[in-house]
Protein chains: 2
Amino acid sequence: MSGELVTGLKCRLCGKLYPKEALNFCTDDFGPLEVAYDYEAVGRTFTREAIATRPRNMWRYRELLPVDGEPTVGRHVGGTPLIRADRLAKLLGVAELYIKNDAVNHPSLSFKDRVVAVALSKAVELGFETVGCASTGNLAGSVAANAAAAGLEAYVLIPEGLEQGKVLGATIYGAKVVAVRGNYDHVNRLCSQIAFRYGWGFVNVNLRPFYAEGSKSMGFEIAEELGWRAPDQVVAPMAGGSLIGKLHKSFLELETLGLLNGPVRTKMFGAQATGCNPISNTVKTGAGKVKPVRNPETIAKSLAIGDPADGWFASKLIRETGGWSEDVSDDAIVDNMRLLAETEGVWAETAGGVTLAVARRLIDEGKIDRDGSIVLCITGNGLKTQEALVDHLPRPVVIRPTLEEFEALVEAGVPAVLASA
Amino acid sequence: MSGELVTGLKCRLCGKLYPKEALNFCTDDFGPLEVAYDYEAVGRTFTREAIATRPRNMWRYRELLPVDGEPTVGRHVGGTPLIRADRLAKLLGVAELYIKNDAVNHPSLSFKDRVVAVALSKAVELGFETVGCASTGNLAGSVAANAAAAGLEAYVLIPEGLEQGKVLGATIYGAKVVAVRGNYDHVNRLCSQIAFRYGWGFVNVNLRPFYAEGSKSMGFEIAEELGWRAPDQVVAPMAGGSLIGKLHKSFLELETLGLLNGPVRTKMFGAQATGCNPISNTVKTGAGKVKPVRNPETIAKSLAIGDPADGWFASKLIRETGGWSEDVSDDAIVDNMRLLAETEGVWAETAGGVTLAVARRLIDEGKIDRDGSIVLCITGNGLKTQEALVDHLPRPVVIRPTLEEFEALVEAGVPAVLASA
């Protein structure tokens, strides 16, 4: 984690190199910028043995996270469980299934804590005192929480009408929360203007190249937990389309550094909701570019990005790795949130229902190999999207505190609630 | 974790020894039973070096958890962050402050996952196929989640009127959730009858001796994270009064086994809400026994146990260690939930507000030493108790997506929300 490991920011279209600054696009062709590393230098200290001695959080992979000094924000993020999901595997008829559970990430219960830890640590290095984000909900809570812990002022912009848990989950930390009349794409455009106008550090605007790298830590953890191998198949939800690309990049980086047992042959599968499916639509139609969705309409609000910044790269990656993409209905989302909870005890937010629903469809269609290993990426917590469930779950039966009433209830059968699988 | 390490269950009053079965009280004097270990045998494999090689979850301390074989339930529980809370410490004028954050515990976001992991692993060993609990909310979610993952049938009994997040957070997993017209003490009595009538494994009734031991893992983690030393002072919330005792026991066990740098001089401080303060009242009045609270009335529903099973032991321990206890108002609870979130980025449930509010009062009164180390135990997540906050937090300002409207807002000042500290 010394400054020399990161050599700069590189345009993903033309390859032009820029210095490590708050900049997210190439001034020649407007291509997105990505962090470039000196892998030879990284390899000198980034060994399995060295990693094994470090605390189990995302910073054990610090040489491949673009912070020059010691991280100052989000030092306890990551290290979430990878669960062998045998009960669900049996039901789905697959051999080797895992759930990566970022629904219990510290501090704000989503994978966004990973990207925010990097972005805000970098923001501190770059001298920003005010930070912000455009968010569909999880990022709002993560920026608010991590900024509070770091003593940074935070502006959090969200589309109007988000779930209560996501709104309270940002205001509780003292962030300045502003709701925008419009959808995420309106919010995002406004944030670009604000970042430019005020010179603030917006994690997913001008700090985006650093921010996006944080997602790699989810992939590093998966590979290490699997005994330093890349899984055969990964299913990840897609909003802006960044996560799925960074997961794959994380496996390739470990391979480049000689840390994996065997080559990376991971097929990447992307999951969306039918009410906002710009990326899965691109994959399925083989279109040459991503057609934005004007009016996203789905209970998976955290995935409701109609014009995804990394949509094209995601669709390209999915096809190149031999993966595929699908999108599912709101009903399927609810059913699969319940199925995940009932079989593996993991209560994911709506995006988790999307991921499982898409995985099941692709298994049924033979696009996901039943004999290969499969990792489902769970990115947020069900407590944040209670609205999606409240009318679908049985309400508790109420009895008086007597054994007789309980016995009568057992006799009649307490409503059993296995979701229609 | 071989069967020989646990020698049996021992009455805390008369010392009579019982076999390792689903039994929670002495048939001679009705004293509570506690798990007894052969510490000499434990010491043979339970060394700092051995522990360091194990995964970072509660089972790295497996020799001191009463499961005979490999744990089968809750294998990923624990390993939650211990956070150095310097921003809050500065505000409180103390030297060394930590937050143990079980609000991000896998799978159900509370310390109850620890006790349930032990109780249900033991339930499987004892051959139970149906399990249950009496709960104020967190235990409900934990039993439901962990039982689902293990394929056990679960009956969850709760008092009527719990927070939505806690009710949904049990039904989502497919548990049979029954609400009881009455308070927790009514629920608890009914569960004793049910466990006896049906022969089911109720985690906090007939499996209670095993269950309670799970809390020790929180203390083991604190001590290991502090470099194998017991903290000078611990502040823990009290409901049934079990956690605070097990935290202290965990330090003493590590000392017995020679694993600590220095003796255990930890002062234990217990936190309650004024609307349900049977234990703090006992400590403060020096009464010879705990006087139950008939009608608990507090927003800290997870602590609303009027007749705490381990209340007397908790009050005795607090006095013997030189600690103290206090209780606080609902307003103070809300203020301190906000303060914790705004300074350290940790959104705790109402019980966390209780813990911080009590800690601050005892620091002000000089009962907690400002120069000694202090650990605050955060036991549950704020997303589960949104009702307590929803009317106390500013709602987001709504603007149209234009830079002009944002500029006008910044000019006027977005509602700043630092809680009255």
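Look up a bit, the structure's there.
The structure reproduced in this document is the subject of the present report.

Definitions and limits used
Residues numbered from 1 in each chain as written. Chains lettered and ligands numbered in written order. Predicted model: local features only at pLDDT ≥ 70, side-chain atom pairs only at ≥ 80, totals over all residues. Heavy atoms only, no water. Pairing = 2+ DSSP bridges. Helix = DSSP H or I, 4+ residues; strand = E, 2+ residues; numbered from the N terminus. Least-squares fit on C-alpha atoms with pLDDT ≥ 70 in both. Contact = heavy atoms within 4.5 Å. Salt bridge = Lys/Arg side-chain N within 4 Å of Asp/Glu carboxyl O. Buried < 20%, exposed > 50% of the residue type's maximum accessible area, 1.4 Å probe, protein only. Expected span 1.5 Å × (residues − 1). Buried area = accessible area lost by both parts, 1.4 Å probe. Polar contact = N/O pair within 3.5 Å; in protein donor to acceptor, adjacent residues only side chain to side chain. Nonpolar A, V, L, I, M, F, W, Y, C, P; charged D, E, K, R; others polar. Axes fitted to C-alpha atoms, helices over the stretch in contact; angles between N-to-C directions. 1 Å grid on protein atoms, 1.4 Å probe; cavity = no way out; pocket = protein on both sides within 12 Å on 5 of 7 lines; lining within 4 Å. Points joined across faces, edges and corners; volume = space filled by probe spheres on them. Parallel < 35°, antiparallel > 145°, perpendicular 65-115°, else oblique. Left-handed = near helix turned anticlockwise from the far one by under 90°. Core = buried A, V, L, I, M, F, W, Y, C linked by side-chain atoms within 4.5 Å.

### Description of the sheet that holds strand 3 (residues 33-37) of chain B
- Strand order in the open sheet formed by three strands is 2-1-3 (chain B), with antiparallel pairing between adjacent strands. With partners counted over all chains shown, the strands left at the sheet margins are strand 2 (17-18) and strand 3 of chain B, one partner each.

### Brief notes about the relation of the copies chain A and chain B
- Least-squares fitting of chain A to chain B yields an RMSD of 0.0 Å, with the transformation described by 0.0 Å of translation along the axis and a rotation of 180 degrees. Here the copies are linked by what is in effect a two-fold axis. Rotation axis and chain A: the residue whose C-alpha lies nearest the axis is Val104 of chain A, separated from it by 2.6 Å.
- Both copies present the same face, since 100% of the interface residues in chain A are matched by interface residues at the equivalent positions in chain B.

### Topic: the pattern of salt bridges
All names here are of chain A.
- Taken as a whole, this structure holds 70 salt bridges over all chains when the rule is applied.
- Between Arg60 and Glu224 there is a salt bridge whose closest N-O contact spans 2.6 Å. Taken together, the residues span a long stretch of sequence, with Arg60 in the loop between helix 2 (48-52) and strand 4 (82-84) and Glu224 in helix 9 (residues 216-225) at a distance of 164 residues.
- Since its relative accessible area comes to 3%, Arg60 is described here as buried.
- Judged by relative accessible area, Glu224 falls into the buried class, the value being 13%.
- Here Glu213 and Lys246 are joined by a salt bridge, their closest N and O atoms 2.6 Å apart. With Glu213 in helix 8 (residues 208-213) and Lys246 in helix 10 (residues 242-256), this residue pair connects regions lying 33 residues apart in the sequence.
- Take Glu213: its relative accessible area is 0%, and that puts it in the buried class.
- The class for Lys246 is buried, based on a relative accessible area of 7%.
- It is possible to trace a salt-bridge network through shared partners that takes in Arg12, Glu34, Arg208, Glu213, Lys216, Lys246, Lys249, Glu253 and Asp310.

### Details of unusual backbone geometry
- Residue Pro107 of chain A follows His106 of chain A across a cis peptide bond; omega there is 0 degrees.
- Its place among the elements puts Pro107 of chain A in the loop between strand 5 (96-101) and helix 4 (112-126).
- Even without being a glycine, Trp228 of chain B presents a positive backbone phi close to 55 degrees.

### Digging into helix 4 (residues 112-125) of chain B
Residues and elements named next belong to chain B.
- The end-to-end C-alpha distance of helix 4, which contains 14 residues, comes to 20 Å, matching closely the 20 Å that a straight helix rising 1.5 Å per residue would cover.
- Burial of helix 4 is extensive: twelve of the 14 residues sit out of reach of the surface.
- Considered for burial, the residues of helix 4 that qualify are Lys112, Asp113, Arg114, Val115, Val116, Ala117, Val118, Ala119, Leu120, Ser121, Lys122 and Ala123.
- Of the surrounding elements, those touching the buried residues of helix 4 are strand 5 (96-101), strand 6 (130-134), helix 5 (138-150), helix 8 (208-213) and helix 9 (216-225).
- One or two positions beyond helix 4, positive phi appears at Gly127, with a value near 90 degrees.

### Quick notes on the interface of chain A and chain B
- Between chain A and chain B, the contact holds 76 residues from the first and 76 residues from the second.
- Summing both partners gives a buried area of about 6400 Å² for chain A against chain B, and 70% of it is carried by carbon and sulfur.
- Seen at the junction of chain A and chain B, the total is two salt bridges.
- With its nearest N and O atoms 2.5 Å apart, the salt bridge here joins Glu407 of chain A to Arg197 of chain B.
- There are 14 residue pairs in polar contact (both at pLDDT 80 or more) connecting chain A and chain B.
- Of the residues contributing to the side of chain A that touches chain B, the split by class is 47 nonpolar, 17 polar and twelve charged.
- Bridge count for strand 8 (residues 176-180) of chain A against strand 14 (residues 397-399) of chain B is three bridges, and the pairing is parallel. Within strand 14 of chain B, the position partnered with Val180 of chain A by the bridge is Ile399 of chain B.

### With respect to the sheet that holds strand 14 of chain B
- Ordered by their spatial adjacency, five strands build an open sheet running 9(A)-6(A)-7(A)-8(A)-14(B), and the pairing between neighbours is parallel. The open sheet has two edge strands with one neighbour each: strand 9 (201-202) of chain A together with strand 14 of chain B.
- Packing of helix 5 (residues 138-150) of chain A onto the sheet brings it into contact with strand 6 (130-134) and strand 7 (153-159) of chain A, and relative to strand 6 of chain A it is tilted by some 165 degrees.
- Against the sheet, helix 7 (residues 184-198) of chain A touches strand 6, strand 7, strand 8 and strand 9 of chain A together with strand 14 of chain B, its axis set at about 150 degrees to strand 7 of chain A.

### Some points on empty space enclosed by the protein
- The tally for this structure, following the rule as stated, stands at five cavities of 30 Å³ or more.
- If you go around the largest cavity, you meet 18 residues; those closest to its centre are Ser108, Tyr173 and Lys384 of chain A together with Trp347 and Leu383 of chain B.
- Looking at the lining of the largest cavity, the elements that each hand over two or more residues are helix 5 and helix 6 (164-171) of chain A.
- Looking at the lining of the largest cavity, the element that brings in the most residues is helix 6 of chain A, giving three residues.
- Of the pockets and cavities examined, the second largest cavity occupies roughly 110 Å³.
- Trp347 and Leu383 of chain A together with Ser108, Tyr173 and Lys384 of chain B are the residues nearest the centre of the second largest cavity, which is lined by 17 residues in total.
- Sort the elements by how many residues they give to the lining of the second largest cavity and helix 6 (residues 164-171) of chain B lands first, with three residues.

### A look at the packing of helix 10 (residues 242-256) of chain B against helix 12 (residues 311-320) of chain B
Residues and elements named next belong to chain B.
- Orientation of helix 10 relative to helix 12, taken along the N-to-C sense of each, is 50 degrees, at an axis distance of 8 Å. On the basis of the axis angle, helix 10 is oblique to helix 12. Seen along the crossing, helix 10 lies across helix 12 with a hand that is left-handed. For the pair formed by helix 10 and helix 12, the contact residues are Ile244, Gly245 and His248 on the first element and Ala314, Leu317 and Ile318 on the second.
- Across the contact of helix 10 with helix 12, the residue classes tally to four nonpolar, two polar and no charged.

### So, the nonpolar core
- Among the nonpolar cores identified, the biggest contains 299 residues, and Leu157 of chain A together with Leu157 of chain B are the most heavily contacted of them.
- The contacts of Leu157 of chain B, once residues within four sequence positions are left out, are Phe406 of chain A together with Cys133, Ala134, Ser135, Val178, Val180, Val187, Leu190, Cys191, Ile194 and Phe202 of chain B.

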